[in-house]
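Report on the structure
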Amino acid sequence: MAKTKVEDVNTHIYDIKNDDNYSYKIQKGLDKKIVEEISNMKNEPTWMKNYRLKGLEMYNKLEMPTWGPDLSVLDMSDIATYVKPKSNINTKWEDVPEDIRNTFDALGIPEAEKKSLAGVGAQYDSEIVYHSLQEDLAKKGVIYTGFETAVEQYEDLVKQYFTKCVPISDHKFVALHYAVWSGGSFVYVPKGVKVEIPLQSYFRLNSPESGQFEHTLIIVDEGADLHFIEGCSAPKYNKVNLHAGCVELFVKQGARLRYSTIENWSKNMLNLNTKKSIVEKDGTMEWVSGSFGSRISMLYPMTILKGKNAKMEYTGISFAGAGQNLDTGLKVVHSAPHTSSVVNSKSISKSGGIATFRSNIVITENATNSKSNVSCESLMLDSESVSDTIPVSNIQTNDVEFSHEAKIGKISDETIFYLMSRGISEEEAKAMIVRGFASPISKELPIEYAAEMNSLINLELEGSIG
Amino acid sequence: MSNKLLEIKDLYVQAEEKQILKGLNLEINFGEVHVIMGPNGAGKSTLANVILNNPAYTQTKGDIIFKGENINNLKTDQRAKKGIFMSFQTPEEIPGISVQNFIKSATNVKTGKPVKIFEFKKELEKNMEELNMKKEYATRDLNVGFSGGEKKKNEILQMLMLKPELAILDETDSGLDVDAIKTVSKGINMFHNDKNSVLIITHSTKILENLKVDYVHILVDGRIIKTGDSSLAKEIEKNGYEAYKEVKN
């Protein structure tokens, strides 16, 4: 009974559900004892334990967000914050326990690794179960490990950057994250090293009534270049699961980081993730984001354009179906001259789904000659669905170019008729229109994910014709 | 086998509660070119749309028979697959789908098997050249940012590629300059043979100049009130519809 429903590889990833077959699952709830127990299990240094306790303290102090989706479905006393899978970190897929390996096989990870990735990390529940990096990159000094390994082996480097991008007191769920974090990836790309093909970490939460709190910290040193892909998914359960990861990104002078995320959590997940990047002089930060899953998402990657001529580009899409409330967006702080940000966002809502896009652009007094261009488009597939864009800007200097454009549309019956008049079925006509709408974004996604996105769109639209 | 391609019997059609077609009859045989003319609001475009079952129109009475089969209950896509095509008056703009991918998908659906890419491309390029369409339009998003003339040529291109048995051209010539009209009639001539038929809805006779027209029908107030040969079109061009408006009821 170790493996249950994974034989059928055509089954959609929401349906692959392994037995809750952990080696240790911490009791539900959140208190000092639990936090200390996680820390003790990880054998970590005292400074890290102190961060955790500080996180717990802040969590208890900070209020729930007073805006955005209603989070009252979340009851922390019902969430196990740490679930250790029956596996250590492996460097060969053969060594990963069969049920876990089958899951990642079905998700196409080992296959993608062979074809198009320079390194892979795979997390199952609270711990990394697989990590690899191409040898030549390791020789050039690139570090790509699970986060616990980094705390142990690169303690000074971690200590120097940990919490320096996303402070513990940022908001309630970041504080929670710091109290119970487990797993995640650490990447360091040395000066001038260009990592030609992407690294990818994949996060799978299998255990019901639990949370995933991985910490990702990436440093792309001066003149270096990296594309990092993050994927996540989970099987569907009746009760709420929680994801409160934290991503800290450091883009040094003249460096470039592309951070792509495909988030495909099951529809019982609360996705309260925090991502932030600090970009130095001449650096470039590119966010590519696809949000398809979760019951509620609150996700607003933030970029601080700290050095002169720093750039940020955001390309994102979200797809909110029945019962989903996807509240996404971004924040950019231009705090140096000649900085630029370009935002291109699309959202799709159907069957009563809610898709909200919030943008917050701050251009400080120092950021003369800066540019910001925000464009958001939404497509509602029926009249019960909701799309909203909420732009906020705070511009403190005159010497800037700023534009914001928002478009909200519906699929017209005439357009469907036009496509059907060529022999295309109503279902396929709608899917074609949606795929077309999404295509400027899917072009930016890693190719397997673009295909995955299209099949998700088809899946979402199947049987949606009344 | 009967030579009849399309038979419309006693057709009544409403749009938004308004009665538009009131007992229309029409018969089209294989190999024929029919023209429908009539004043604004007579129901010409309604006729075109209802043959393809545009859901904006409701057929309340009558029968539409295509190749001997009553298609009253078939949806738009099913009718299209049987071999009916319409060139739209205002073709829709669809971002994110290229002209060639769209035609390829439609061809796949119609033939039920994947197109042979090489032959498909060759045929597409040849047709585009004949229609004076720039090559780059093949990879542009469907109708997005196309001029009026380019959109209409793209309709004719789709007709040539999809090879329907009945092609309905709903005011394809309206708003086009002389050269574009010539290109459209060239396209119709390239398409037309004795195994298919063309139904042209138009206001003007320019598009007919280079075509061999078999029948001209005058549609007034929801019915065809007169049918003649191509000389009827010339007469209308000269005298207008005044003489026919009085024939009502």
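Residues numbered from 1 in each chain as written. Chains lettered and ligands numbered in written order. Predicted model: local features only at pLDDT ≥ 70, side-chain atom pairs only at ≥ 80, totals over all residues.

Here we come to the overall build of chain A. Along the backbone of chain A there are 11 helices and 25 strands. Taken against the 2.2 N^0.38 rule, which gives 23 Å for 466 residues, the C-alpha radius of gyration of chain A at 22 Å falls within 12% of a compact globule. Its C-alpha atoms give chain A principal-axis dimensions of roughly 65 × 60 × 45 Å. By sequence separation, contacts in chain A at least 24 residues apart represent 82% of the contacts at least 6 residues apart. (Helix = DSSP H or I, 4+ residues; strand = E, 2+ residues; numbered from the N terminus. Rg over C-alpha atoms; globule rule 2.2 N^0.38 Å. Contact = placed C-beta atoms within 7 Å.)

Here the focus is the overall build of chain B. When helices and strands are counted, chain B shows eight helices and 12 strands. The C-alpha atoms of chain B give a radius of gyration of 18 Å, which matches the 18 Å a tight globule of 249 residues would have. Seen through its C-alpha atoms, chain B measures out along the principal axes to roughly 55 × 40 × 40 Å. Buried residues in chain B amount to 43% of all 249 residues. Sequence-distant contacts, at least 24 apart, represent 73% of the contacts inside chain B between residues at least 6 apart. (Buried ≥ 20, exposed ≤ 12 C-beta atoms within 10 Å, placed from the backbone.)

Turning next to the confidence of the model for chain B. With 98% of its residues at a pLDDT of at least 70, chain B reaches an overall mean of 94. Across the interface, the model reports ipTM at 0.96; the global pTM reads 0.84. (pLDDT = per-residue confidence, 0-100.)

Residue and element names in this part refer to chain A. Pairing is mixed across the open sheet formed by 10 strands, whose spatial order is β4-β3-β7-β10-β13-β16-β19-β21-β23-β25. The sheet is open, and its two borders are formed by β4 (127-133) and β25 (400-410), each paired with just one other strand. Strand-to-strand twist in this sheet, taken as the mean axis angle between neighbours without regard to direction, amounts to 5°. In this sheet, strand β7 (residues 199-204) lies alongside strand β3 (residues 119-124) in parallel orientation, the contact comprising six bridges. Looking at the pairing, G119 lines up with L199 of β7. Relative to strand β21 (residues 340-349), helix α10 (residues 426-442) is tilted by about 160°, and along the sheet it contacts β19 (311-320), β21 and β23 (370-380). (Pairing = 2+ DSSP bridges. Axes fitted to C-alpha atoms, helices over the stretch in contact; angles between N-to-C directions.)

Right, let's talk about the interface of chain B and chain A for a bit. Often, the extent of an interface is quoted as the loss of accessible area upon association of its parts. Contacts between the two partners involve 22 residues from chain B and, on the opposite side, 18 residues from chain A. Mapped onto the side of chain B that touches chain A, the elements with two or more residues apiece are α2 (76-82), β7 (94-98), α3 (99-111) and α5 (148-162) of chain B.

Let us look at the nonpolar core. All names here are of chain A. Counting 202 residues, the largest nonpolar core has V220 and L257 as the members making the most contacts within it. Among the elements that line this core, the one with the most residues is α10, at eight residues. Per-domain counts for this core show at least three residues from each of domain 1 (22-299) and domain 2 (412-466). Beyond its immediate stretch of four places on either side in the chain, L257 contacts I218, V220, L226, F228, L249, V251 and M285. (Core = buried A, V, L, I, M, F, W, Y, C linked by C-beta atoms within 7 Å. Domains from an automatic or database assignment.)

With that out of the way, let us pick up the sheet that holds strand β5 (residues 69-70) of chain B. Residues and elements named next belong to chain B. The four strands are arranged β2-β1-β4-β5 in an open sheet whose pairing can be described as antiparallel. The sheet is open, and its two edges are formed by β2 (18-29) and β5, each paired on a single side. Taken together, the two bridges between strand β4 (residues 58-66) and β5 define a ladder with antiparallel strand orientation. Bridging from a neighbouring strand, F66 pairs with E69 of β5. Here helix α1 (residues 44-51) sits on the sheet in contact with β1 (4-15), β2 and β4, set at roughly 70° to β2.

Here we take up the environment of A112 of chain A. All names here are of chain A. One can find A112 in helix α4 (residues 109-116). A112 sits 80 residues away from G192 along the chain, and the two C-alpha atoms are 26 Å apart. If we ignore the near neighbours within four places in the chain, the residues touching A112 are L117 and E448.

All right, on to the domain arrangement of chain A then. All names here are of chain A. Considered domain by domain, chain A is made up of domain 1 (22-299) and domain 2 (412-466). Taking only C-alpha atoms into account, the centre of domain 1 sits 32 Å from that of domain 2. With nine residues of domain 1 at the contact, the number on the domain 2 side is eight residues. If you list the elements that add at least two residues to the side of domain 1 that touches domain 2, you get β13 (256-264) and β16 (284-291). When its residues are assigned to classes, the side of domain 1 that touches domain 2 shows six nonpolar, three polar and no charged. (Nonpolar A, V, L, I, M, F, W, Y, C, P; charged D, E, K, R; others polar.)

Moving on to α5 of chain B. Residue and element names in this part refer to chain B. When the terminal C-alpha atoms of α5 are compared, their 21 Å separation across 15 residues agrees well with the 21 Å that a helix rising 1.5 Å per residue should span. Taken across its 15 residues, α5 has 12 buried, putting it largely inside the fold. Of all the residues in α5, the buried ones are K151, K152, K153, N154, E155, I156, L157, Q158, M159, L160, M161 and L162. Of the surrounding elements, those touching the buried residues of α5 are β6 (84-87), α3, α4 (117-130), β9 (166-170) and α6 (178-191). Just past α5, the residue K163 takes up positive phi, approximately 50°. (Expected span 1.5 Å × (residues − 1).)

Turning our eyes to something else, we now look at the pairing of β3 of chain A. All names here are of chain A. β3 sits mainly inside the fold: six of its six residues count as buried. In terms of strand pairing, β3 meets β4 through six bridges, oriented antiparallel. Paired with G119 across the strands is L133, a residue of β4. Between β3 and the antiparallel strand that follows it, β4, lie two residues; D125 among them carries a positive phi value of about 55°.

As a further point, take helix α2 (residues 46-61) of chain A. All names here are of chain A. A rise of 1.5 Å per residue sets the reference length of α2, with its 16 residues, at 22 Å; its end C-alpha atoms lie 22 Å apart and thus fit the reference within 8%. Among the residues of α2, R52, G55, L56, M58 and Y59 are the ones counted as buried. The buried residues of α2 occupy one face: seen down the axis, they fall within an arc of 165°. Exposed positions of α2 whose direction lies more than 90 degrees from the buried face are T46, W47, N50 and K61. On its buried face, α2 is in contact with α1 (32-41) and α8 (172-180). (Arc of directions from axis to C-beta.)

This part covers the confidence of the model for chain A. When pLDDT is averaged along chain A, the result is 91; 96% of the residues meet or exceed 70. Predicted confidence for residues 1-11 of chain A stays below pLDDT 50, and this span has 22 contacts to residues more than four positions away or in other chains.

Let us look at the packing of α10 of chain A against helix α11 (residues 447-461) of chain A. How two helices sit against one another is set out by the angle between their axes and by the gap between those axes. Residue and element names in this part refer to chain A. Relative to each other, α10 and α11 sit at 150°, their axes nearing to 10 Å. Relative to α11, α10 is oriented roughly antiparallel. As α10 runs across α11, the sense of the crossing is right-handed. Touching E427, K430, A431, V434, R435, A438 and S442 of α10 are A450, M453, N454, I457, N458 and L461, all from α11. Each residue belonging to the contact of α10 with α11 can be placed in one class, and the counts come to seven nonpolar, three polar and three charged. (Parallel < 35°, antiparallel > 145°, perpendicular 65-115°, else oblique. Left-handed = near helix turned anticlockwise from the far one by under 90°.)

Unusually for a residue other than glycine, T163 of chain A sits at a positive phi of about 70°. Although it is not a glycine, N53 of chain B adopts a positive phi angle of roughly 55°. As for its position among the elements, N53 of chain B is in the loop between α1 and β4.

All names here are of chain B. The interhelical angle for the contact between α5 and α6, taken along N-to-C directions, is 5°, at an axis separation of 10 Å. Between α5 and α6, the angle falls in the class roughly parallel. Along its contact with α5, which presents G149, K152, K153, I156, M159 and L160, the element α6 presents A180, T183, V184, G187, M190 and F191. Looking at side-chain class alone, the contact of α5 with α6 contains seven nonpolar, three polar and two charged residues.

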